[in-house]
Amino acid sequence: MDHRQRAQLQRLLAYLISLAAILITLFPVVWLLTISFKTQRDAFSMPPKFIFEPIWDHYLALLDKPGFVQAFLNTVYVTALGVLIAIVIAIFASYGIHRFRFRGKKLFGVWLLMAYMLPEFLFVIPMYVLYQKIGWYDTHIGLALVYQVHSLPFAVWLIRSFFKEVPSELDDASRIDGCNHLGTLRHVFIPLAAPGIAATAILTAIWIWNELTIALSLSFSEAQTITVAVASFRGYTSIAWGPMSAASIVAILPMLIFAVFAQKYIVKGLTLGSLKG
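Model, not experiment: these values are computed from the prediction.

Parameters at a glance
- Residues numbered from 1 in each chain as written.
- Predicted model: local features only at pLDDT ≥ 70, side-chain atom pairs only at ≥ 80, totals over all residues.
- Heavy atoms only, no water.
- Helix = DSSP H or I, 4+ residues; strand = E, 2+ residues; numbered from the N terminus.
- Rg over C-alpha atoms; globule rule 2.2 N^0.38 Å.
- Contact = heavy atoms within 4.5 Å.
- Areas by Shrake-Rupley, 256 points an atom, 1.4 Å probe, with all protein chains shown as cover.
- Axes fitted to C-alpha atoms, helices over the stretch in contact; angles between N-to-C directions.
- Parallel < 35°, antiparallel > 145°, perpendicular 65-115°, else oblique.
- Nonpolar A, V, L, I, M, F, W, Y, C, P; charged D, E, K, R; others polar.
- 1 Å grid on protein atoms, 1.4 Å probe; cavity = no way out; pocket = protein on both sides within 12 Å on 5 of 7 lines; lining within 4 Å.
- Points joined across faces, edges and corners; volume = space filled by probe spheres on them.
- Domains from an automatic or database assignment.
- Buried area = accessible area lost by both parts, 1.4 Å probe.
- Salt bridge = Lys/Arg side-chain N within 4 Å of Asp/Glu carboxyl O.
- Polar contact = N/O pair within 3.5 Å; in protein donor to acceptor, adjacent residues only side chain to side chain.
- Expected span 1.5 Å × (residues − 1).
- Bend = angle between axes of the 7 residues up to and from the residue.
- Core = buried A, V, L, I, M, F, W, Y, C linked by side-chain atoms within 4.5 Å.
- Buried < 20%, exposed > 50% of the residue type's maximum accessible area, 1.4 Å probe, protein only.
- Left-handed = near helix turned anticlockwise from the far one by under 90°.

1. Digging into the overall build of the chain
- Looking only at helices and strands, one finds 14 helices and zero strands in the chain.
- Ordered by position from N to C terminus, the α and β elements of the chain give α-α-α-α-α-α-α-α-α-α-α-α-α-α.
- The C-alpha atoms of the chain give a radius of gyration of 23 Å, which is well past the 19 Å a tight globule of 277 residues would have.
- With respect to the principal axes defined by its C-alpha atoms, the chain has extents near 75 × 75 × 30 Å.
- A sequence separation of at least 24 residues applies to 75% of the contacts in the chain between residues at least 6 apart.
- Per element, the accessible surface of the chain, about 17200 Å² overall, is 70% carbon and sulfur.

2. Digging into the packing of helix H4 (residues 68-99) against helix H10 (residues 181-192)
- Across the interface, H4 lies against H10 with an axial gap of 11 Å and an inter-helix angle of 100 degrees. In terms of orientation, H4 lies roughly perpendicular with respect to H10. Here H4 contributes Ile91, Phe92, Tyr95, His98 and Arg99 to the contact with H10, which in turn contributes His181, Leu182, Thr184, Leu185, Phe189 and Ile190.
- Residues that form the contact of H4 with H10 fall into these classes: seven nonpolar, three polar and one charged.

3. Quick look at the layout of surface pockets
- Here the largest pocket defines a volume of roughly 280 Å³.
- Every residue lining the largest pocket is counted, 13 residues in all, and those nearest its centre are Val29, Asn210, Ile252, Met255 and Leu256.
- Every element with two or more residues in the lining of the largest pocket is listed here: helix H1 (3-36), helix H11 (194-210), helix H13 (226-231) and helix H14 (241-270).
- Each of two domains, domain 1 (3-36) and domain 2 (58-276), supplies a minimum of three residues to the lining of the largest pocket.

4. Considerations on the domain arrangement of the chain
- On domain assignment, one finds that the chain holds domain 1 (3-36) and domain 2 (58-276).
- The centre of domain 1, based on its C-alpha atoms, is set 30 Å off from the matching centre of domain 2.
- Across the boundary between the two partners, domain 1 contributes five residues, which contact nine residues of domain 2.
- Summing both sides of the interface, domain 1 and domain 2 together bury roughly 540 Å²; the carbon and sulfur share of this comes to 76%.
- At the surface where domain 1 touches domain 2, the tally comes to zero salt bridges.
- Counting across the interface, domain 1 meets domain 2 through one residue pair in polar contact (both at pLDDT 80 or more).

5. Structural notes on helix H6 (residues 121-134)
- Taking 1.5 Å of rise per residue, 14 residues should cover 20 Å, and H6 covers 20 Å from first to last C-alpha, within 8% of that figure.
- Its axis deflected by about 30 degrees at methionine 127, H6 carries its strongest bend there.
- Among the structural elements, helix H7 (140-146) and helix H12 (213-218) are those in contact with the buried residues of H6.
- Directly beyond the C-terminal end of H6, a positive phi value near 80 degrees is found at glycine 135.

6. Details of the nonpolar core
- Residues Tyr147 and Phe163 are the most contacted members of the largest nonpolar core, which totals 34 residues.
- Those elements giving two or more residues to this core turn out to be H4, H6, H7, helix H8 (148-164), H10, H11 and H12.
- Among all residues touching tyrosine 147, those that are not within four sequence positions of it are Val78, Trp207, Ile208, Glu211, Ile214 and Ala215.
- Counting 16 residues, the second largest nonpolar core, distinct from the first, contains Leu62, Ala229, Ala246 and Met255.

7. Observations regarding the packing of H8 against H11
- Viewed as axis vectors pointing N to C, H8 and H11 meet at an angle of 160 degrees, and their least axial separation amounts to 9 Å. By the angle class used here, H8 and H11 are roughly antiparallel. The element H8 and its partner H11 pack so that their crossing is right-handed. Residues His150, Ser151, Phe154, Ala155, Leu158, Ile159, Phe162 and Phe163 of H8 touch H11, and the partners they reach there are Gly196, Ile197, Thr200, Leu203, Thr204 and Trp207.
- For the contact of H8 with H11, the residue count by class is nine nonpolar, five polar and no charged.

In structure tokens, the structure reads:
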């Protein structure tokens with residue numbers, strides 16, 4: 001086998017692996033979508049029915065489901081608020097870690113990584129007790145703030161890596177021109193690291209939107225999120241598979257559309273460091 005044939009075989013193998021990965025990833029979503037348009041009988045028929053008459057009953061039932069629309073709006077609000085808090089704090093924290101020298105700087109970086117790796121349920125009980133005392137249980141601000149336990153270390157870790165790619169000559173030049181630290185951050189670091197900051201915001205938004213453990217524990221009705229609303233279709237004796245599938249599609253669709261339109265920012269941001277000459 002010559003070099004050209006070997007290259008063609010490798011290209012074909014790469015295409016086949018990519019196609020397999022796409023099919024494996026999309027299969028659960030497609031299957032969920034079909035169930036949302038099937039009757040209970042068609043959904044669990046054996047062999048599975050691939051040709052059926054679609055119904056919209058499950059989606060219409062979501063409008064009658066108490067609190068479902070409000071849960072969707074709650075998720076939009078909490079996600080936007082959580083991302084805003086995380087990105088603003090992470091920008092200043094990342095610049096401080098990158099620009100200044102202080103004792104325990106490396107240990108602080110390790111602590112950020114460990115905080116991100118800790119399981120979510122460790123924070124639920126103490127935050128539940130605290131929120132009950134200060135009146136933040138089942139509130140949007142309460143959820144947005146407790147999400148910072150994971151989203152903030154993640155955002156700081158990423159944005160800090162993007163700030164490292166800013167040429168030190170530009171930093172020094174801005175200082176010579178009379179910029180203080182805030183001016184240097186505003187006019188040099190943020191513009192140059194903007195793709196990375198955008199990617200961080202997008203990934204943070206996706207995590208907050210899909211989070212369930214914290215929302216299930218620290219919300220009840222007023223601040224209930226879409227993931228909790230989807231889980232509510234599970235009863236003690238049965239599961240409403242049709243409405244749950246429709247609710248899952250409604251929950252997935254916004255982030256799916258968002259990811260499709262934002263993918264170029266994600267790729268551009270996450271490859272920022274590799275483009276440094």
